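Structure at a glance
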Amino acid sequence: LLSNSSDMWMRTYFALNPEDVCKNWKIWQCVTYLFLHSTHYIWHILGNMVGLWFLGSALESIWGKRKFLKYYFVVGIGAGFITAIYMINFYPNVRTIGASGSIYGLLVAYAMLFPNRILYIYGLIPVKAKTIAIILGGIALFYAININQSSNVSHITHLAGIAMAFLYLIYWTKKKQSMKIIKLHKHQKNNSNKIREKNVNEILDKINDVGWDALTDEDKEYLNKESKNNHFNEPPN
């Protein structure tokens, strides 16, 4: 908005350029491209920000701020890397800007959490969230395969955002399941230890009351076993 020279400077250093990322190691462009939008096409930033507000507010209310931001940036940055790697073989110097990769990732998560929730396209046409995700994913796949430099839309970034979203959500789900299994195992182990400790204490109390010789063979065997397992002192002979 300030001038053509400042606009060119921002695009040169902060827009996603496949050749800069893959050959010149300007990795930061996979982050900064998310914050740049066209100054000549108001619907570019408006569409992305409306999507971020609508989809993001619902997801953040469920996940919390930290998990939401982590998801948003992992998907967006990952989409940038995939775009750079893919485009280097076709259009190495075509620059990409915009948060669409992350927004498509939010759409995937939203559709998985609220698949049958009705969304209104242009405020008029009611469509289920999962249907919108499938349609937009199909469009992105079609145009990503039939790549065309004349298009001002980076469909490969959209598709990459969808792919990153699926990978992240699968990883997240498996991690949560693993954590639940670990917690359950620890809980069961703690309960088992408490039971063993209770049994040992009961036997030790019996020794104090009636002496070692009054213990049953089962009590002696159990105490000997637990003594070895827990490095207790051996009972007197």
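Our subject is the structure listed above.
Owing to the predicted nature of the structure, the values given are computational and were not obtained by experimental measurement. Within every chain, residues take consecutive numbers counted from 1 along the sequence as written. Predicted model: local features are reported for residues with pLDDT of at least 70 only, side-chain atom pairs are reported and counted for 80 or more only, and whole-chain, interface and lining totals are derived from all residues. Computation of side-chain values: all heavy atoms of the structure, hydrogens and water removed.

**A few points about the packing of helix α5 (residues 65–87) against helix α6 (residues 100–113)**
Inter-axis angles, ranging from 0 to 180 degrees, are taken between N-to-C directions of lines fitted to C-alpha atoms, where helices are fitted over the stretch in contact. Comment: elements are numbered from the N terminus, with helices defined as DSSP H or I runs of at least four residues and strands as E runs of at least two. Put simply, α5 and α6 touch, their axes get as near as 8 Å, and they point 125° apart. When the axis of α5 is compared with that of α6, the two are oblique. Of the two possible hands of crossing, α5 and α6 adopt the one that is right-handed. Contacts between α5 and α6 involve Phe68, Tyr71, Tyr72, Val75, Gly76 and Ala79 from the former and Gly101, Ser102, Ile103, Gly105, Leu106 and Ala109 from the latter. Put simply, Ala, Val, Leu, Ile, Met, Phe, Trp, Tyr, Cys and Pro go in the nonpolar bin, Asp, Glu, Lys and Arg in the charged bin, and everything else, Gly too, in the polar bin. Of the residues in the contact of α5 with α6, the class split is eight nonpolar, four polar and no charged. An angle below 35 degrees is treated as roughly parallel, one above 145 as roughly antiparallel, one from 65 to 115 as roughly perpendicular, and anything else as oblique. Handedness of a helix crossing follows the sense of rotation of the near helix relative to the far helix, less than a right angle counterclockwise being left-handed and clockwise being right-handed. We call two residues in contact when some of their heavy atoms are within 4.5 Å.

**With respect to unusual backbone geometry**
For Trp25, which is not a glycine, the phi torsion comes out positive at approximately 60°. Within the element layout of this structure, Trp25 appears in the loop between α2 (18–22) and α3 (29–32). Relative accessibility under 20% of the residue-type maximum defines a buried residue, over 50% an exposed one, and the middle range a partly exposed one, all with a 1.4 Å probe and only protein chains included. Relative accessible area serves as the criterion here: at 63%, Trp25 is assigned to the exposed category.

**Remarks on the packing of aromatic side chains**
Aromatic pairing here means that ring centres of Phe, Tyr or Trp (its six-membered ring) are within 6.5 Å. Orientation follows from the plane angle: under 30 degrees is stacked, over 60 is edge-to-face, and everything else is tilted. Counted by the stated rule, this structure contains 15 aromatic pairs. On the basis of an interplanar angle of 40° and a centroid distance of 6.0 Å, the ring pair of Phe54 and Tyr110 is categorised as tilted. Taken as a pair, Phe54 in helix α4 (residues 42–63) and Tyr110 in helix α6 lie far apart in primary sequence, 56 residues in all. In this structure Tyr110 comes out as buried when scored by relative accessible area, which is 2%.

**Details of the nonpolar core**
Judged by nonpolar contacts, the single largest core of 29 residues is most densely connected at Trp63, Tyr71, Leu106, Tyr110 and Leu169. Among the secondary structure elements, those contributing two or more residues to this core are α4, α5, α6, α7 (129–145) and α8 (155–210). Per element, the largest residue contribution to this core is eight residues, and it comes from α6. Judged by nonpolar contacts, the second largest core, of eight residues, contains Leu16, Val21, Ala79 and Ala160. Put simply, buried Ala, Val, Leu, Ile, Met, Phe, Trp, Tyr and Cys residues joined by side-chain atoms within 4.5 Å make one nonpolar core.

**Looking at the pairing of strand β1 (residues 118–121)**
With four bridges joining them, β1 and strand β2 (residues 125–128) adopt antiparallel strand pairing. Within the sheet, the bridge partner assigned to Tyr120 lies in β2 and is Pro126. For two strands to be treated as a pair, DSSP must find at least two bridges joining them.

**Considering the environment of Tyr120**
Along the polypeptide, Tyr120 turns up in strand β1. Note on Tyr120: relative accessible area 51%, which makes it exposed. Placed twelve residues apart in sequence, Tyr120 and Ile132 show a C-alpha to C-alpha distance of 9.9 Å. Contact partners of Tyr120, with chain neighbours within four places excluded, come to Ile125 and Pro126.

**A few points about α6**
With 14 residues, α6 ought to run about 20 Å at 1.5 Å a step, and its terminal C-alpha atoms sit 20 Å apart, in line with that. The element α6 is extensively covered by neighbouring structure, given that twelve of its 14 residues are classed as buried. By definition here, a helix of n residues has an expected span of 1.5 Å times n minus one.

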